[in-house]
Amino acid sequence: MSYKRPDRKEDELRPMEAKVGVVKNAIGSAMFKIGKTIAIAAVYGPRELHPRFLQNAETGILRCNYNMMAFSGSGNRVRPGPSRRSKEIALVTTKALEPALDLTEFPKTVVDVFIELIQTDAGTRCAGICAASMALADAGLNMKDLVCAVSGGMVGDVPVVDLDYDEESYEGGAVDIPIAMMPRTGEITLMQLDGVLSKEQLHEAMKLAKKGCEDIYNVQKEALKAKYKEE
Amino acid sequence: MLSISKNYIQALAKKGLRADQRKMEEFRKPITVEYGISSKSAEGSARVKIGDTEVIAGVKTEVGKPYPDSLGDGTIMVNVELLPLSSPEYESGPPSIDAIELARVVDRGIRESHAIDFKKLCVKEGELVWTVMIDIYPINATGNLFDACALAALAALKDAKFPKLEGDVINYKEKTDTPIPLEFLPVSCTIHKIGGKFLVDPTRDEELASDARLTIAFTESGKICAMQKGGDSPFTEEEVLKIVDLAAKKTVELRQNL
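Residues numbered from 1 in each chain as written. Chains lettered and ligands numbered in written order. Predicted model: local features only at pLDDT ≥ 70, side-chain atom pairs only at ≥ 80, totals over all residues.

Let us now look at the interface of chain A and chain B. With 23 residues of chain A in contact, the opposing surface of chain B contributes 29 residues. Of all elements in the fold, only strand E3 (37-48) and strand E6 (109-119) of chain A reach the threshold of two or more residues within the side of chain A that touches chain B. When residues in the side of chain A that touches chain B are grouped by element, the largest group, four residues, is from E6(A). Of the residues that constitute the side of chain A that touches chain B, the class distribution is nine nonpolar, nine polar and five charged. (Contact = placed C-beta atoms within 7 Å. Helix = DSSP H or I, 4+ residues; strand = E, 2+ residues; numbered from the N terminus. Nonpolar A, V, L, I, M, F, W, Y, C, P; charged D, E, K, R; others polar.)

Below is the structure:
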């Protein structure tokens, strides 16, 4: 079954918007929108970590939180509070961002990142990671690089990048591979896969995601520069 | 809060002054209302800003069996979550008492004013009724969440359209042109008493220094439709009547933003 995208090329991301400094109370914050998926992230800290046994005397700790607002889903209202899904996404998000971040200057502390989804059309964990890495940079923390994330994959037998909800649930079958990377080195910090495909197809999807991440990188950098131009 | 800051705010208030140079009866500016901020997923949504305070609200609908004591009535539900994203004061976990009070005060303003006719939320008496669920989230919490949340809830309701109902199943992908049956907008205003003086739209520091507060919702014709007192100090009868006058005047202004 050959799939044809209605409104964009197979290697094309959905339209993006990014803005830094969207939550004044926070040390750093950012909004990242890709297609109809909208994520905001806010950073608080470094601050003292309780209970104390969680503290690391060598370095600060990164702690991410992922939440979908109750009205942000495409079907029924999403029940508030953490779910197994949101906890897992928070975990992989933390692991995706950690390699870019250096918190050794702040031992025994925690840096909290709160990610909220206002509207969703698939790709929420990737959008959350993109917003969070901009928020961490906005907070002025030491970072090796920004982290960019997008999903590669297959819709039917066609390799694509940045799947939306309709594509993820394509009846001819779809493969979704969320990938995060630090574009400067090309190192991959998040990788998950749902679906069935060959090694060659995986490689093809990874190449598309890598190219997508480079596009996201430019949008993120422009948004960070825009904030400091204003000031 | 440090007692030195509290004393400072109280001393200023006694002279009719505020730390941010505003008049006692003056809201922060600008007040903005933006509709349809989550229009793909929510039935209705809105973002409200009062100065630096920002709140978003979204409406979802579901259908289900009515309550046994009101077989011909649909219902509403209001939920406020004080996101740790919005302030260093808030922590993750079960809803705090502040979040619960906020949600119940907003709920009361809409429910008790009969702004939504629950009869009109009935699909089939005794069998199927609509539940309208309003979820409110502060994005940046720097004071006066009471008024901001109430305004955001009304704006989201005003923006909302029912999804398509196929038998007793909702097709969320298709929205109808039918709005939520809002008879009018019950706007509310919260008045704080600090150092014996009254002020509106407190900053977070003013809230922490406040002796007492009274939230009042008004119908479009100026009738009172819900109230809630908070804070440690009591009010005299005269004070309550004075507050009603001030709140009535301010809700006329607030209403112009919707």
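Quick look at the pairing of E3(A) now. All names here are of chain A. Burial within E3 is extensive, with ten of its twelve residues counted as buried. Alignment of strand E2 (residues 28-34) against E3, held across seven bridges, turns out to be antiparallel. Within E3, the position partnered with Lys33 by the bridge is Ile38. Adjacent in sequence and paired antiparallel, E2 and E3 are bridged by two residues, among which Gly35 carries a positive phi angle near 60 degrees. The sheet contact formed by E3 and E6 spans nine bridges and is antiparallel. Its bridge partner being in E6, Ala39 is matched across the sheet by Leu117. (Buried ≥ 20, exposed ≤ 12 C-beta atoms within 10 Å, placed from the backbone. Pairing = 2+ DSSP bridges.)

A cis amide bond links A:Gly45 with the next residue in sequence, A:Pro46, at an omega value of 0 degrees. Checked against the element boundaries, A:Pro46 lands in strand E3. In this chain, B:Lys29 is followed by B:Pro30 through a cis amide linkage whose omega measures -5 degrees. Looking at the secondary structure, you find B:Pro30 in the loop between helix H1 (3-14) and strand E1 (31-35). For A:Asp162, which is not glycine, the phi dihedral falls at a positive 60 degrees. Along the chain, A:Asp162 turns up in the loop between strand E9 (158-161) and helix H3 (165-168). In this structure, B:Asp201 takes a positive phi of about 50 degrees despite not being glycine. Its location among the elements puts B:Asp201 in the loop between strand E10 (197-200) and helix H4 (204-209).

A few words on the sheet that holds E9(A). Residues and elements named next belong to chain A. If you trace the four strands from one edge of the open sheet to the other, you get E9-E8-E10-E11, paired in antiparallel fashion. Edge positions in the sheet fall to E9 and strand E11 (187-191), since each of these pairs with one other strand and no more. The mean angle between the axes of side-by-side strands here comes to 30 degrees, regardless of whether they run parallel or antiparallel. Here eight bridges tie strand E8 (residues 148-155) to strand E10 (residues 174-182), and the two strands are oriented antiparallel to one another. Looking at the pairing, Cys148 lines up with Met181 of E10. Packed on one face of the sheet, helix H1 (residues 84-97) meets E8, E10 and E11 and runs near 175 degrees to E11. Most of the contacts of helix H2 (residues 124-138) go to E8, to which it runs at about 160 degrees, and overall it touches E8, E10 and E11. (Axes fitted to C-alpha atoms, helices over the stretch in contact; angles between N-to-C directions.)

For the rest of this paragraph, the subject is the environment of A:Leu13. Of note, A:Leu13 is situated in the segment before strand E1 (16-20). What A:Leu13 contacts, discounting residues up to four positions off in sequence, is A:Ile34, A:Val150, A:Val161, A:Asp162, A:Gly212 and A:Asp215.

Now for the confidence of the model for chain B. Averaged over chain B, the pLDDT score is 96; the fraction of residues at 70 or greater is 100%. In the predicted assembly, ipTM is 0.94 and pTM is 0.96. (pLDDT = per-residue confidence, 0-100.)

With that out of the way, let us pick up the environment of B:Asp232. Residues and elements named next belong to chain B. Mapped onto the secondary structure, Asp232 falls in the loop between strand E12 (224-231) and helix H5 (237-255). A tally of 7 C-beta atoms within 10 Å means that Asp232 is categorised as exposed. Along the sequence, Asp232 and Ala212 sit 20 residues apart, while their C-alpha atoms lie 5.8 Å from each other. Residues in contact with Asp232, not counting those within four places in the same chain, are Asp211 and Ala212.

We now examine the packing of H2(A) against helix H4 (residues 199-230) of chain A. Residues and elements named next belong to chain A. One way to put it is that H2 packs onto H4 with a least axis distance of 11 Å and a crossing angle of 35 degrees. When you trace H2 past H4, the crossing you get is right-handed. On H4, the residues that touch Cys130, Met134, Ala137 and Asp138 of H2 are Ile216, Gln220, Ala223, Leu224 and Lys227. Classifying every residue of the contact of H2 with H4 by side-chain character gives six nonpolar, one polar and two charged. (Left-handed = near helix turned anticlockwise from the far one by under 90°.)

Residues and elements named next belong to chain B. For strand E11 (residues 212-218) and E12, the ladder comprises seven bridges, and the chain directions are antiparallel. Residue pairing for E12: Thr215 is matched across the bridge by Gln228. Counted along the chain from E11 to the antiparallel partner E12, the turn is five residues long, and its residue Gly222 has a positive phi close to 95 degrees.

Formed by 145 residues in total, the largest nonpolar core has its most connected members in A:Ala131, B:Cys149, B:Ala152 and B:Ala153. A per-element tally of this core places helix H3 (residues 145-159) of chain B first, with twelve residues. (Core = buried A, V, L, I, M, F, W, Y, C linked by C-beta atoms within 7 Å.)

Residues and elements named next belong to chain A. Between its first and last C-alpha, H4 extends 47 Å over 32 residues, near the 46 Å set by a 1.5 Å rise per residue. Among all positions in H4, only Ala205, Leu208, Ala209, Gly212, Cys213, Ile216, Tyr217, Gln220 and Ala223 are buried. Looking at the buried side of H4, the elements it contacts are E1, E2, H2, E8, E9 and E10. (Expected span 1.5 Å × (residues − 1).)

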